[in-house]
Amino acid sequence: QSMIQEFFDGKEPNKTINPDEAVAYGAAVQAAVLTGKWSYQLEDLLLRNVTPWSLGLDTGSGIMTKVIERNTPFSTKQQHTVTTNADNQPGILIQIFEGECAMTKDNNLL
């Protein structure tokens, strides 16, 4: 909590918000979006689908090479060039990971 307060220039965080209610509210808004049942209360609400985790690949060294950063809006197109270890290599294994850790072993293999 002290880190949050420092981030917001010393402003005291609001501790009266019930986390369960916040999750339920978010789920209700998402349900309204998915079913198309909008109400006037949602007219000014802007929802953006974003990647919850960074997406990247292992280039052979065990290091996570991020290709799509966390919170990138859908849909996106990214490009990343990698090279092979040897000339005339017949194929490569591309493994995609999600997560924020520097090492691929600490992220989720998709």
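Described in the following lines is the structure provided in the data block. Remember, predicted model here, so these are calculated numbers, not experimental data. Note on numbering: residues in each chain are counted from 1, in written sequence order. Predicted model: local features are reported for residues with pLDDT of at least 70 only, side-chain atom pairs are reported and counted for 80 or more only, and whole-chain, interface and lining totals are derived from all residues. Hydrogens and water molecules were not included; the side-chain quantities draw on all heavy atoms of the structure.

Considering the overall build of the protein
Stage number 1. Each helix and strand counted, the protein has two helices and four strands in total.
Stage number 2. Only DSSP runs of H or I covering at least 4 residues are called helices, and only runs of E covering at least 2 are called strands; the numbering of each starts at the N terminus. The order of helices and strands in the protein, counted from the N terminus, is α-α-β-β-β-β.
Stage number 3. For 110 residues, the compact-globule formula gives about 13 Å, and the C-alpha radius of gyration of the protein, at 20 Å, lies well above that figure.
Stage number 4. The C-alpha extent of the protein, read off along each of the three principal axes, is 60 × 40 × 20 Å. Only C-alpha atoms enter the radius of gyration, while the globule expectation follows 2.2 Å times N to the 0.38, with N the number of residues.

Quick look at the sheet that holds strand β1 (residues 55-58)
Stage number 1. Pairing between strands requires that DSSP locate at least two bridges from one strand to the other. With antiparallel pairing, four strands are arranged side by side in an open sheet as β2-β1-β3-β4. The outermost strands of the open sheet, each flanked by one partner alone, are β2 (64-68) and β4 (108-109).

Comments concerning helix α2 (residues 19-35)
Stage number 1. A helix is expected to span 1.5 Å multiplied by its residue count minus one. Between its first and last C-alpha, α2 extends 24 Å over 17 residues, near the 24 Å set by a 1.5 Å rise per residue.
Stage number 2. Polar contacts here mean pairs of N or O atoms no more than 3.5 Å apart (in protein, one a potential hydrogen donor and the other a potential acceptor; neighbouring residues in sequence count only if both atoms are side-chain atoms). For α2, the capping residue at the N-terminal end is N18, with a side-chain oxygen 2.8 Å from the backbone nitrogen of D20.

Here's the deal with the pairing of β2
Stage number 1. Where β1 and β2 come together, four bridges link them in antiparallel fashion. By the bridge assignment for β2, L57 is matched with T65.
Stage number 2. Turn length for the β1-β2 hairpin, with the two strands adjacent in sequence and antiparallel, is five residues, and the turn residue G60 shows positive phi of about 105°.

A few points about unusual backbone geometry
Stage number 1. In this structure, S75 follows F74 across a cis peptide bond, with omega equal to -20°.
Stage number 2. On the secondary structure map, S75 appears in the loop between β2 and β3 (96-98).
Stage number 3. Phi at N71 takes a positive value of approximately 70°, unusual for a residue other than glycine.
Stage number 4. One can find N71 in the loop between β2 and β3.

Quick word on the packing of aromatic side chains
Stage number 1. Stacked, edge-to-face and tilted are the three classes for Phe, Tyr and Trp ring pairs, Trp counted by its six-membered ring, which pair at centre distances within 6.5 Å; planes under 30 degrees apart are stacked, over 60 edge-to-face, the rest tilted. Under the criterion given, the structure shown has one aromatic pair.
Stage number 2. Measuring from ring centre to ring centre gives 5.0 Å for F7 and F8, while their planes differ by 85°; the resulting arrangement is edge-to-face. We note that F7, like F8, is exposed. Each residue is placed in one exposure class: buried if its accessible area under a 1.4 Å probe, protein chains only, is under 20% of its type's maximum, exposed if it is over 50%, and partly exposed if it falls in between.

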